[in-house]
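# Summary of structural features
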Amino acid sequence: MTAPGRRAVIAGAATSDYPYLPEHSEHAVHGQAADRALADAGLTLADVDGLATAGFFPMYAVGVAEYLGLQPTYLDETNTGGSSFEVLVEHAAHAVEAGAAEVVLVTYGSIQLSQMGRRLGTGGGGGGGIMPGPAVHDALWGNTLVGNYAMAARRHMHEFGTTPEQLAAVAVTMREHAGHNPQAQYRDPITVDDVLGSRLVADPLHKLDCCVISDGGGACIVTTEERARDLRRPPVYVLGASHASTHHLNLSAMGPLTTTAAALSGPRAFARAGVTPADVDVAQIYDSFTITVVLTVEDLGFCAKGEGGAFVEDGGLGLGGRLPTNTDGGGLSSCHPGMRGMFLIVEAVRQLRGECGRMQVPEARVAVAHGTGGVLSTGATLVLGREVP
Amino acid sequence: MSGHTDPAAAPPVDDRPPKPRPAPVLDPDSAPYYGAALEGRLVVQRCDTCGNTQLYARDRCLRCRSEVRWVEASGRGTIYSFTVIRQQHQRPFRTWLPYVVALVDLEEGPRVMTNLVECDPDRVHIGMAVRARFEPVSEDAGIALFEPA
């Protein structure tokens, strides 16, 4: 049991500027996000004793700590791809509850668009190129990152009759949400026909079934309920969390393509939180591709397996819909710098603090942030709440 | 967003010599698999202790951690899922667009990723019967492509 007052909360959260930051280094994006999240909480770097971040170099967190001038006594750089930041917050929550740290800065920074252009999804052998070791096996066929998700979409259509129109509905709703986010990368409304009329990148996924490529970052502050009591913002409780992986870069090792790691992480996170999917007011779900959202709403238990297509149709993910989702416009329209998981957390916190203006879900009390990483490889679920149920 | 080229735009004229298909970096686990393919044979790993059949190649059985041995496979399978790649910026693949990437369930059980060749991309379907054919990619390695059975 957690000691009295040591229950983990998120005391501050912020995004950096986005979606295009040609004047920033990757580490400067970390810094801007960190400054804003700390200011949001009413803290400074001097209060931070833990740093958690994920990137693509060994000892990445150590390097970010050095750049920020931190000498932390808690470090975490677990990398599960796009779901990393949900995992890092889960770990940080455990750390503060156990007394291993007091104030953990969880930060993300990327200049994917400025540095690499829009090549992330359509090169390499499914995202990894030819590398030694087991990852070689699926890297020989000219598959792309998009292609992996396309094969899951094709299989879902085959098993359950899911239609391209249903997938497109996800992109249409995300664009509608982005229209209310002045920072979003793409804001002009689109229709289902626009999605289906955009070029096929990897059948059955069209260009507008794919997330955007951006620069950007974000940060949040994980501390204890007691420490948060005299801080600026109402705390957001980390009610429950769990994560899982099913395979790495070999999609051939996944097993059934229509059930993801969310089916493992979701039920455990809800059980730990003491809530059910029916209690969730707002969701932030990793939308690397439209199919990712369809698979995730099923696997988290918002609808039965196979019913995700019908669930997302007709504004199912919009305000007033079955499950208001990605109220900032998501990776499909707002911002996707490569590992979007941090943006899910920041938007979930804003919803629970009632700061989302036109996109606010009324009386939002329970939020879910679910990250997906790799080639449908990892899933990490955070259940967040305004109070402990 | 200014300053970025449209990925769908025609690539600049490329008069470099054709780039060969990538070859796998071999290790002690994988060398027998790709070596067999170089000889025109598709092989899978069998566990005599629990009866499991597996790919990709590991040093032990995925189910019971016993030793495994290589056995010949029939080369027959069915398509579990597939995609038609229509955008890819890396050579040699971008010169082959559009092409089919598929997951094939082998008759013996294991699933492999592959390219489906000798088939109009518009005629591919899940459940389609396919058979292996082989292509050398280095002095030590071949790969198993598949074509309609």
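Being a predicted model, the structure only gives us computed values, none of them experimental.

Criteria and cut-off values
Per chain, residues are indexed from 1 in the order of the written sequence. All chains are assigned letters beginning with A, and all ligands numbers beginning with 1, in the order in which they are written. Local features are withheld for residues below a pLDDT of 70 in this predicted model, meaning they are given only at 70 or higher, and side-chain atom pairs are given and counted only at 80 or more; totals for whole chains, interfaces and linings count all residues. Here a helix means four or more residues in a row that DSSP labels H or I, a strand means two or more in a row labelled E, and each is numbered from the N terminus. The exposure label follows from counting other C-beta atoms within 10 Å of a residue's C-beta, where the C-beta atoms are placed from the backbone and the thresholds are 20 or more for buried and 12 or fewer for exposed, leaving partly exposed in between. Any pair of residues counts as being in contact when their C-beta atoms, constructed from backbone geometry, are within 7 Å of one another. Between the two quantities, the radius of gyration covers C-alpha atoms and the globule rule is 2.2 Å times the number of residues to the power 0.38. DSSP bridges decide pairing: two strands pair if at least two such bridges lie between them. The term nonpolar core refers to a set of buried Ala, Val, Leu, Ile, Met, Phe, Trp, Tyr and Cys residues connected through C-beta atoms within 7 Å. Note that domain bounds follow an automatic or database assignment of domains. Simply put, an axis is a line fit to the C-alpha atoms, just over the touching stretch for a helix, and the angle between two N-to-C directions goes from 0 to 180 degrees. Gly falls in the polar group here, along with every residue not listed as nonpolar (Ala, Val, Leu, Ile, Met, Phe, Trp, Tyr, Cys, Pro) or charged (Asp, Glu, Lys, Arg). Any angle that is under 35 degrees is reported as roughly parallel, and any over 145 degrees as roughly antiparallel; angles of 65 to 115 degrees are reported as roughly perpendicular and all others as oblique. Note: crossing handedness is left-handed where the near helix turns anticlockwise from the far helix by less than a right angle, and right-handed where it turns clockwise. Between the first and last residue of a helix there are one fewer steps than residues, each counted as 1.5 Å, and that sum is the expected span. Here the arc refers to the directions that run from the helix axis out to each C-beta atom.

Time to look at the overall build of chain B. Helix and strand content of chain B: one helix and eight strands. For chain B, the spread of C-alpha atoms along the three principal axes comes to 60 × 30 × 30 Å. Scored against the burial criterion, the 149 residues of chain B give a buried share of 34%. In chain B, the proportion of contacts linking residues at least 24 apart, taken out of those at least 6 apart, comes to 54%.

Let us look at the overall build of chain A. If you tally the helices and strands in chain A, you get 13 helices and eleven strands. Taken over the C-alpha trace, chain A has a radius of gyration of 19 Å; the compact-globule value for 389 residues is 21 Å, and the two agree within 12%. In terms of its C-alpha atoms, chain A occupies a principal-axis envelope of roughly 55 × 45 × 40 Å. Across the 389 residues in chain A, those meeting the buried criterion constitute 65%. Restricting to contacts in chain A with at least 6 residues of sequence separation, those with at least 24 account for 76%.

Let's shift gears to unusual backbone geometry. Cis geometry marks the peptide bond from Asp-203 of chain A to Pro-204 of chain A, where omega comes out at 0°. Mapping Pro-204 of chain A onto the fold places it in the loop between strand S5 (200-202) and strand S6 (205-206). That bond from Leu-97 of chain B to Pro-98 of chain B is cis: its omega, -15°, falls within 30 degrees of zero. Looking at the secondary structure, you find Pro-98 of chain B in the loop between strand S4 (76-85) and strand S5 (99-106). Positive phi, normally seen in glycine, also occurs at Met-59 of chain A, with a value near 60°.

Time to look at the sheet that holds strand S1 (residues 43-46) of chain B. Strands pair in a sheet through their backbones, by hydrogen bonds, and they do so in one of two ways: parallel or antiparallel. All names here are of chain B. The three strands are arranged S2-S1-S3 in an open sheet whose pairing can be described as antiparallel. Looking at the sheet topology across the chains shown, the edges are occupied by strand S2 (53-54) and strand S3 (69-72). In this structure, S1 lies alongside S2, joined through two bridges in antiparallel fashion. In the sheet register, Arg-46 faces S2, and the bridge partner there is Thr-53.

This part is about the nonpolar core. All names here are of chain A. One finds Val-89, Cys-220, Ile-345 and Leu-384 to be the most contacted residues of the largest nonpolar core, which totals 165 residues. A domain-level breakdown of this core finds at least three residues from each of domain 1 (8-116 + 215-238) and domain 2 (135-213 + 241-385). Once you skip the residues sitting within four places of it in the chain, Val-89 turns out to touch Val-106, Cys-220, Val-222, Val-238, Ala-241, Ile-345 and Leu-382.

Let's shift gears to the sheet that holds strand S11 (residues 378-385) of chain A. Residue and element names in this part refer to chain A. In spatial order, the strands read S3-S2-S4-S7-S1-S8-S11-S10-S9; together these nine strands make up an open sheet with mixed pairing. Sheet topology places strand S3 (74-76) and strand S9 (282-285) at the edges, where each strand pairs with a single neighbour. The sheet shows a mean angle of 25° between the axes of neighbouring strands, direction not considered. Pairing of strand S2 (residues 50-53) with S3 involves three bridges; the strand directions are parallel. Across the sheet, residue Ala-52 finds its bridge partner in S3, namely Asp-76.

Moving on, we come to the interface of chain A and chain B. Counting residues at the interface gives 34 residues for chain A and 31 residues for chain B. Those elements giving two or more residues to the side of chain A that touches chain B turn out to be helix H5 (145-160) and S5 of chain A. Ranked by the residues each element gives to the side of chain A that touches chain B, the list is headed by H5 of chain A, at six residues. Across the side of chain A that touches chain B, the residue classes tally to 14 nonpolar, 13 polar and seven charged.

Residue and element names in this part refer to chain A. Counting buried positions over the eight residues of strand S10 (residues 366-373) gives eight, a clear majority of the element. Along S10, one buried face is formed by Val-366, Val-368, His-370 and Thr-372 and the opposite face, lined by Ala-367, Ala-369, Gly-371 and Gly-373, is buried too. Across four bridges, the pairing between S9 and S10 is parallel. Residue pairing in the sheet places Ile-285 in a bridge with His-370 of S10.

Here we take up the domain arrangement of chain A. All names here are of chain A. Split by domain assignment, chain A resolves into domain 1 (8-116 + 215-238) and domain 2 (135-213 + 241-385). A straight line from the C-alpha centre of domain 1 to that of domain 2 covers 23 Å. Facing 32 residues of domain 1, the contacting portion of domain 2 comprises 34 residues. Within the residue set of the side of domain 1 that touches domain 2, elements represented by two or more residues are strand S1 (8-15), helix H3 (84-98), strand S4 (103-110), helix H4 (112-116), strand S7 (216-224) and strand S8 (236-245). When residues of the side of domain 1 that touches domain 2 are assigned to their parent elements, the largest contribution, seven residues, is made by H3. Considering only residue class, the side of domain 1 that touches domain 2 consists of 17 nonpolar, eleven polar and four charged.

So, about the packing of H5 of chain A against helix H10 (residues 290-299) of chain A. Residue and element names in this part refer to chain A. Put simply, H5 and H10 touch, their axes get as near as 9 Å, and they point 55° apart. As far as their axial angle goes, H10 and H5 are oblique. For the pair H5 and H10, the crossing hand works out as left-handed. Side by side, H5 and H10 meet where Tyr-149, Ala-152, Ala-153 and His-156 of the first sit next to Ile-291, Thr-292, Val-294 and Leu-295 of the second.

Among the structural elements, Thr-122 of chain A can be located in the loop between H4 and H5. Here the alpha-carbon distance between Thr-122 of chain A and Tyr-108 of chain A, two residues 14 residues apart in the chain, equals 23 Å.

An α-helical turn contains 3.6 residues, so any two residues separated by three or four positions project in the same direction. Residues and elements named next belong to chain A. A rise of 1.5 Å per residue sets the reference length of helix H9 (residues 262-273), with its twelve residues, at 16 Å; its end C-alpha atoms lie 16 Å apart and thus fit the reference within 8%. Those residues of H9 not exposed but buried are Ala-262, Ala-263, Ser-265, Gly-266, Ala-269, Phe-270 and Ala-273. Taken down its axis, H9 places every buried residue within 165° of arc, on the same side. On its buried face, H9 is in contact with S8, H10, S10 and S11.

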